[in-house]
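Secondary and tertiary structure notes
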Amino acid sequence: DGGITQSPKYLFRKEGQNVTLSCEQNLNHDAMYWYRQDPGQGLRLIYYSQIVNDFQKGDIAEGYSVSREKKESFPLTVTSAQKNPTAFYLCASRGRGDYSNQPQHFGDGTRLSIL
Amino acid sequence: AQKVTQAQTEISVVEKEDVTLDCVYETRDTTYYLFWYKQPPSGELVFLIRRNSFDEQNEISGRYSWNFQKSTSSFNFTITASQVVDSAVYFCALSEGGTNAGKSTFGDGTTLTVKP
């Protein structure tokens, strides 16, 4: 079945450590997104990419980095500069052409905690 | 800038009651798209419905119905005869066309609890 796979499901970060969250899709979607969700809050956009080798900052990009070397993959690195990384991270993708009218498809999420 | 407001943080109902989730949006675009998603305890968001700004026809799908009113910038979602399985967090989202075509804005979500 086509879909989005996020791994790992749970991740623990030590102080000063960078960690990378994986996101892979086999939907042949052009656009991919990373969101952060804190308890009781909505989704906040971290980064998004509409095409390979290009990406844009979202509303809360500080302390995060991404790459888009392949259409199927959009990994997110949480750097040591992100002082409050504990959250639920969701990856999403959306189709082709004008994405505005297309729903996003979401992965199961990665829950990141500080050790 | 676009904004989505879901004023109801939490709603609790007893099974078989009807419940309406409110969504109010702000945008300067004349072309935009509205979505509702459901997030069950497992965490994955599931798409429920989409509406275009130029299509105010309301829709009923089984126990679900949606009321889109441009005059009040609202896109409300009603569940009739609620069931325990409807318990989840529901998000309203707005996508604009044009240069912001890649971005969506989500509301803070409404947590619905349906008690048996």
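Whatever comes next refers back to the structure up there.
Residues numbered from 1 in each chain as written. Chains lettered and ligands numbered in written order. Predicted model: local features only at pLDDT ≥ 70, side-chain atom pairs only at ≥ 80, totals over all residues. Heavy atoms only, no water.

Here we take up the overall build of chain A. Helices and strands together make up the secondary structure of chain A, namely 0 helices and 11 strands. Helices (α) and strands (β) of chain A occur, in sequence order from the N terminus, as β-β-β-β-β-β-β-β-β-β-β. A compact globule built from 115 residues would reach a C-alpha radius of gyration of about 13 Å, and chain A, at 13 Å, matches this within 12%. Residue burial in chain A is summarised as follows: out of 115 residues, 50% are buried. When the accessible surface of chain A is totalled, it reaches about 5,400 Å², and 46% of it is carbon and sulfur. Here chain A carries 13 positive and 12 negative side-chain charges, and the mean point of each set is 5 Å from the other. (Helix = DSSP H or I, 4+ residues; strand = E, 2+ residues; numbered from the N terminus. Rg over C-alpha atoms; globule rule 2.2 N^0.38 Å. Buried < 20%, exposed > 50% of the residue type's maximum accessible area, 1.4 Å probe, protein only. Areas by Shrake-Rupley, 256 points an atom, 1.4 Å probe, with all protein chains shown as cover. Lys, Arg positive; Asp, Glu negative; His and termini not counted. Charge placed at Lys NZ, Arg CZ, Asp CG, Glu CD.)

Attention shifts here to the sheet that holds strand β8 (residues 76-78) of chain A. All names here are of chain A. Strand order in the open sheet formed by 4 strands is β1-β3-β8-β7, and the pairing between neighbours is antiparallel. Strand pairing shows two members of the sheet lacking a second neighbour, β1 (4-7) and β7 (64-66), which therefore form its edges. Between one strand axis and the next, the sheet turns by 20° as a mean value, whatever way the strands run. As judged from the 3 bridges shared by strand β3 (residues 19-25) and β8, these two strands associate in the antiparallel manner. Across the sheet, the residue bridging to Thr20 is Thr77, located in β8. (Pairing = 2+ DSSP bridges. Axes fitted to C-alpha atoms, helices over the stretch in contact; angles between N-to-C directions.)

Turning to the pattern of salt bridges, a few remarks are in order. All names here are of chain A. Summed over all chains, the structure comprises 6 salt bridges over all chains. The shortest N-O distance in the salt bridge between Arg36 and Asp38 comes to 2.9 Å. Grouping residues by exposure puts Arg36 and Asp38 together as buried. The salt bridge involving Asp38 is made with Arg44; its shortest N-O contact spans 2.7 Å. Linked through salt bridges whose partners overlap, the residues forming this network are Arg36, Asp38 and Arg44. (Salt bridge = Lys/Arg side-chain N within 4 Å of Asp/Glu carboxyl O.)

Ranked by internal contacts, the top residues of the largest apolar core, which has 23 residues, are Trp36, Phe75, Phe77, Tyr90 and Leu112 of chain B. Only β2 (10-14), β3 (19-21), β5 (32-39), β8 (64-69), β9 (74-79), β10 (88-96) and β12 (110-115) of chain B provide two or more residues apiece to this core. Here this core takes 4 residues from β10 of chain B, the largest share from any one element. What Tyr90 of chain B contacts, discounting residues up to four positions off in sequence, is Gln6, Leu21, Trp36, Tyr37, Lys38, Leu48, Phe77, Ile79, Gly109, Thr110 and Leu112 of chain B. Counting 20 residues, the second largest nonpolar core, distinct from the first, contains Val19, Cys23, Tyr89 and Leu112 of chain A. (Core = buried A, V, L, I, M, F, W, Y, C linked by side-chain atoms within 4.5 Å. Contact = heavy atoms within 4.5 Å.)

Glancing now at a nonpolar patch on the surface. Residue and element names in this part refer to chain A. Taken together, the side chains of Tyr10, Phe12 and Leu115 make up a nonpolar region of the molecular surface, amounting to roughly 380 Å² of accessible area. Positionally, Tyr10 belongs in strand β2 (residues 10-13). The class of Tyr10 is exposed, set by a relative accessible area of 53%. (Patch = residues over 30% accessible without salt bridge, like charges linked within 9 Å, V, L, I, M, F, W, Y side chains within 5 Å.)

Per the counting criterion, the structure on display carries 20 aromatic pairs over all chains. Plain terms: the ring middles of Tyr33 of chain A and Tyr48 of chain A are 6.1 Å apart, the flat faces sit at 15° to each other, and that makes the pair stacked. With Tyr33 of chain A in strand β4 (residues 31-37) and Tyr48 of chain A in strand β5 (residues 43-51), the pair connects residues that are 15 residues apart, well separated along the chain. Across the pair, exposure class does not vary: Tyr33 of chain A and Tyr48 of chain A are buried alike. When the centroid spacing of 5.8 Å and the interplanar angle of 80° are considered together, the rings of Tyr47 of chain A and Phe55 of chain A count as edge-to-face. Taking relative accessible area as the criterion, Phe55 of chain A reaches 35% and is therefore assigned partly exposed. Each residue in the set Tyr33, Tyr35, Tyr48 and Phe106 of chain A together with Phe35, Tyr37, Phe47 and Phe106 of chain B is aromatic and connected to the rest through ring pairs, giving one cluster. (Phe/Tyr/Trp six-rings, centres within 6.5 Å; stacked < 30°, edge-to-face > 60°.)

Read these as layout, nothing more, since geometry by itself doesn't imply function.
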